[in-house]
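Examination of the molecular architecture
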Amino acid sequence: VIKNCVELIKLQGKTPPNLENLDLEDKKTFELLQKADTTGVFQLESSGMKDLIMRLQPASFSDIVALVALYRPGPLDSGMADSYVKRKHGREPVVYLFDELEPILKETYGVILYQEQVMKIAAVLANYSMADADGLRKAMGKKIASMMHEHRELFLNGAKENKHNLKKASELFDLMEKFGGYGFNKSHSAAYALIAYQTAYLKANFPLEFIAALMSSEKGNSDAILKYMDECRQHKITVLPPDINESHAEFTTSGDAIRFGLEAVKNVGSAVIDLIKEAREKEGGFKSIYDFCERVNVSKANKKVLEALIK
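As a starting point, this report considers the structure included with it. (Residues numbered from 1 in each chain as written. Predicted model: local features only at pLDDT ≥ 70, side-chain atom pairs only at ≥ 80, totals over all residues. Heavy atoms only, no water.)

Overview of the nonpolar core
Core analysis: the biggest nonpolar cluster contains 85 residues, and I121, F155, M176 and I258 have the highest contact counts within it. What I258 contacts, discounting residues up to four positions off in sequence, is L208, I211, A212, M215, C232, I237, T238, V239, L240, F251, T252 and T253. In terms of nonpolar packing, the next biggest core, distinct from the first, is built from 9 residues, V272, F292, A301 and L306 among them. (Core = buried A, V, L, I, M, F, W, Y, C linked by side-chain atoms within 4.5 Å. Buried < 20%, exposed > 50% of the residue type's maximum accessible area, 1.4 Å probe, protein only. Contact = heavy atoms within 4.5 Å.)

If you want it as structure tokens, here you go:
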């Protein structure tokens, strides 16, 4: 979709954005996200996700990374997502059991959201090596009781060495155990968030080309085409009907409108479309149905194909 969108931007004579180096604070993109206008945006288009976006009101790239990690059964069912939203908007206090937790959990408002945070907490508060911290991450993710028991001892011993209050350290381990099971890998979340941001950026700044590219990606699925036609209506984008002289196989842009792609017309295969394009390139557009039948091989463009084109 991204590749097709960039091609369509070039065909319109515009300069496509450098997707490797986008402005991650683009005003239009965040306006689009805050309205949850995310149909077609990678990872952010389900109705449940749109609901979470409306409540969260993402205002930075790290908010998008968090959205990807929060929209999963664990964080949603455990109240973790609600807590994140309330803290972000100042409706719930952000508290840290230890001062050392602030730099680790500040970006997630004190919520233990990522596996990397669990590892960092273990390293800072309980002198874990990174290898041991990774063992803790695995034990939490897989909820292995025997390993968790060993890690509790290891964690409390480390906290004791650092002269931390053991009651509070035990409380923190309980918290880590509760949320560590839902923890998501931040590096994974960030990679998803970047593609989400790229698609949101294209939709916000090049809606015509982006929706055309989306429609081409779903050309064999009439339900999806209808969904995107509806999206065009909401964005006041005209969809021009299929045209034997204007349409290509894919959906394309034509001025301020999207031109319907011939491959999305049922019973018209790509072999016929190639013949149509070839004939157009040789002698220009078709003047009548008779002209069409004389210039396009009717053994390929048979009765069934012609009826589909007429309809």
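Past the structure itself, the notes keep going.
Quick word on the sheet that holds strand β1 (residues 238–240)
Strand order in the open sheet formed by 3 strands is β1-β3-β2, and the pairing between neighbours is mixed. Two strands lie at the open edges of the sheet, namely β1 and β2 (252–254), each paired on one side alone. For this sheet the average axis-to-axis angle between neighbouring strands, irrespective of direction, equals 35°. Here 3 bridges tie β2 to strand β3 (residues 257–259), and the two strands are oriented antiparallel to one another. Paired with T253 across the bridge in β3 is I258. (Pairing = 2+ DSSP bridges. Helix = DSSP H or I, 4+ residues; strand = E, 2+ residues; numbered from the N terminus. Axes fitted to C-alpha atoms, helices over the stretch in contact; angles between N-to-C directions.)

Structural notes on unusual backbone geometry
With a phi angle near 55°, N127 is a residue other than glycine that sits in the positive phi range. Relative to the elements of secondary structure, N127 occurs in the loop between α8 (115–126) and α9 (130–142).

Quick notes on helix α15 (residues 270–283)
Taking 1.5 Å of rise per residue, the 14 residues of α15 would be expected to cover 20 Å, and the 20 Å separating its terminal C-alpha atoms lies within 8% of that figure. Among the residues making up α15, those that are buried are V272, I273, I276, A279 and R280. Seen from one end, α15 has its buried residues packed into an arc of 125°, which puts them on one side. Along α15, the residues that are exposed and aim more than 90 degrees away from the buried face are E281 and K282. On its buried face, α15 sits against α16 (289–295) and α17 (303–310). At the C-terminal side of α15, G284 shows a positive phi close to 85°. (Expected span 1.5 Å × (residues − 1). Arc of directions from axis to C-beta.)

Some remarks on the environment of H188
Residue position: H188 is located in helix α12 (residues 186–205). A C-alpha to C-alpha distance of 29 Å links H188 and A212, two positions 24 residues apart in sequence.

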